[in-house]
Amino acid sequence: MAVKILVPLVAVIVYFVFRPRLQFGDQKMTVYNHVPGACHAVEGVVHGSEDIVRTRDGLAFISTGVRPAPVITPDPWFLQGVGKILLFDFMNPGDGVREVRIEPEEKSEGLEPHGLSLYENQESGEIRLFVVNHHKDGDRIEIFRYSKSSATLRLVKSVQHPLLYNVNDVVAMGTDSFYATNDMYSVMPWAKRLERFLSPSWSNVVYFNGSDAFVAAEGFSLANGINAPSSGNPMYVCDTGRQAVQVYRRRDDDSLQLEREIHLATVVDNVDVCPDTGDLWVGAHEGFARHMEDRRNPSSSQVGDVGRKEIRKSEEGGWGRWRKLVLRIRLPAGASPEVTSLYANDGRQLNGSSVAVVYNRRMLIGTVHDTLLYCDVTVPL
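Residues numbered from 1 in each chain as written. Predicted model: local features only at pLDDT ≥ 70, side-chain atom pairs only at ≥ 80, totals over all residues. Heavy atoms only, no water.

Draft legend 1. Main features of the pattern of salt bridges. Scanning the model with the defined rule gives 13 salt bridges in all. Of the charged contacts, one joins arginine 250 and aspartate 254 as a salt bridge, the two residues approaching to 2.9 Å between their closest N and O atoms. You'll find arginine 250 and aspartate 254 in the same group, each marked buried. Three or more residues joined by partner-sharing salt bridges are found here, namely Arg101, Glu103 and Arg154. (Salt bridge = Lys/Arg side-chain N within 4 Å of Asp/Glu carboxyl O. Buried < 20%, exposed > 50% of the residue type's maximum accessible area, 1.4 Å probe, protein only.)

Draft legend 2. Spatial organisation of the UniProt feature "binding site: Ca(2+) 2" (unreviewed entry) in the chain. What UniProt calls "binding site: Ca(2+) 2" (unreviewed entry) maps, in this numbering, to Asp169. Looking at the secondary structure, you find aspartate 169 in strand β11 (residues 167-172). Among the residues examined, aspartate 169 registers a relative accessible area of 2% and is labelled buried. Sequence-distant contacts of aspartate 169, defined by excluding residues within four places in its chain, comprise Asp51, Gly115, Leu116, Val132, Tyr179, Ala180, Thr181, Asn224, Gly225, Ile226 and Asn270. A polar side-chain atom of aspartate 169 sits 3.5 Å from the main-chain amide nitrogen of leucine 116. (UniProt positions renumbered as here; feature names shortened; annotations may be inferred. Helix = DSSP H or I, 4+ residues; strand = E, 2+ residues; numbered from the N terminus. Contact = heavy atoms within 4.5 Å. Polar contact = N/O pair within 3.5 Å; in protein donor to acceptor, adjacent residues only side chain to side chain.)

Draft legend 3. Examining the state of the cysteines more closely. In total, this model carries one disulfide according to the counting rule given. Here cysteine 39 is linked by a disulfide to cysteine 375, with a sulfur-sulfur distance of 2.0 Å. One quick way to see it: the torsion about the S-S bond of cysteine 39 and cysteine 375 is about 115°, and its sign makes the bridge right-handed. Of this pair, cysteine 39 sits in strand β1 (residues 39-41) while cysteine 375 sits in strand β26 (residues 373-376), and the two are 336 residues apart along the sequence. (Disulfide = S-S within 2.5 Å.)

Draft legend 4. Structural view of the side chain of histidine 134. Counting through the fold element by element, histidine 134 comes out in strand β8 (residues 127-135). Residue class for histidine 134 comes out buried when judged on its relative accessible area of 19%. A polar side-chain atom of histidine 134 sits 2.9 Å from a polar atom in the side chain of aspartate 139. In this view, histidine 134 contacts Val66, Glu112, His114, Asp139 and Val167; residues no more than four positions away in its chain are not counted.

Draft legend 5. The arrangement of the sheet that holds strand β12 (residues 178-182) in detail. Overall, antiparallel pairing links the four strands, which are arranged β11-β12-β13-β14 in an open sheet. Edge positions in the sheet fall to β11 and β14 (213-220), since each has one partner strand and no second. When the angles between neighbouring strand axes are averaged without regard to direction, this sheet yields 20°. Note: strand β13 (residues 203-208) against β14, six bridges, orientation antiparallel. Note on β14: the bridge partner recorded for phenylalanine 208 is alanine 213. (Pairing = 2+ DSSP bridges. Axes fitted to C-alpha atoms, helices over the stretch in contact; angles between N-to-C directions.)

Draft legend 6. The pairing of β12, seen in detail. Across the five residues of β12, five count as buried, placing the element largely inside the fold. Going residue by residue along β12, you find Phe178, Ala180 and Asn182 tucked away on one face and Tyr179 and Thr181 tucked away on the opposite face as well. Relative to β12, β11 is paired through five bridges, and the arrangement is antiparallel. Across the sheet, residue alanine 172 finds its bridge partner in β12, namely phenylalanine 178.

Draft legend 7. Local environment of the environment of glutamate 218. Mapping glutamate 218 onto the fold places it in strand β14. On the basis of relative accessibility, which here comes to 62%, the residue glutamate 218 falls in the exposed class. Here the alpha-carbon distance between glutamate 218 and leucine 256, two residues 38 residues apart in the chain, equals 9.2 Å. Glutamate 218 has contacts with Ser203 and Asn204, leaving out every residue within four places of it along the chain.

Draft legend 8. Structural detail: the sheet that holds strand β16 (residues 235-239). Here four strands make up an open sheet; going across it, the order is β15-β16-β17-β18 and the pairing antiparallel. With partners counted over all chains shown, the strands left at the sheet margins are β15 (223-227) and β18 (256-263), one partner each. Taken pair by pair, the neighbouring strands of this sheet meet at an average axis angle of 25°, ignoring direction. Pairing between strand β17 (residues 244-250) and β18: seven bridges, direction antiparallel.

Draft legend 9. The arrangement of the UniProt feature "active site" (unreviewed entry) in the chain in detail. Taken from the UniProt record, the annotation "active site" (unreviewed entry) applies to His114. Looking at the secondary structure, you find histidine 114 in strand β7 (residues 113-120). Each residue touching histidine 114, except ones within four places of it in the same chain, is listed here: Glu50, Asp51, Ser63, Val66, Val132, His134, Val167 and Asn168.

Here's what the structure looks like:
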């Protein structure tokens, strides 16, 4: 504990001397644009679609309006977003998005949603939406019950705990149990900047069993997206600092055991597990720091499977590249996962892709603070 307090204080001098290093991802790289089919922006989404989760029958929940992390000085435009939960029906993509009504109504005030997760009870048909909420009084996980008939979310439970302090994403394990990622250890903005600069691997994953919480895994450079199939095994965690998806096995005591790492040589954000195939869909981006400081600076995106040659090429620049990527990983728990890039853009169409969800050859690509992209997938999968 003393080390975690003293190191940031001593490093303040280093911070001011080497401050330019905080602007990682600002160097340019060559990005070759490609799409899986016809793509267009979804009307009505302008301040992000940071995370997306979908039901088995194609109803997608989208978080929008999350504020920039206090590790940079953002363009004022990014501070104008209003936190909401949006709905998109893959069966009727032409209908676009609509805002979900939250009950009781006062619970929607001050909502700043980030990561999302769904729990579907196959027997009763109940749907619960778990929402990471950066509330003014501290991070919490809001658990809502979704009513299809009225298209509303009713709050069932709000979970706050001392171990949930920098929550990024959540994955539901039951009606009120979940794993959640803390992407940083520090709480104060100046300390977060130093931690991002030093990358001391203090990030962790916390398990909440319905009544109490404990650290299930730690030592991440920056634990970001987290997800798992309905069985709860294996568990996938995006470590943004390591540019990798880490594969964990869930032990009987609910702690997590690291089994392997899938290095993707790009800044991974959120991960979606296809319920039909078990494939992973990963949103990634690069060049985001300069874009956040001035949104006129583009941040590239990619989505899909990244071939081995492209992975080797992207490793040459370290942090010095930002792409928008959607990556598909087949056989993610196996010895030789297959990685493919399905979407890439240099920032002219999309800035900072964070997540991708596919249903019935239709794809949604979400962003941290930009728009929402819809694509028809006409290439072979």
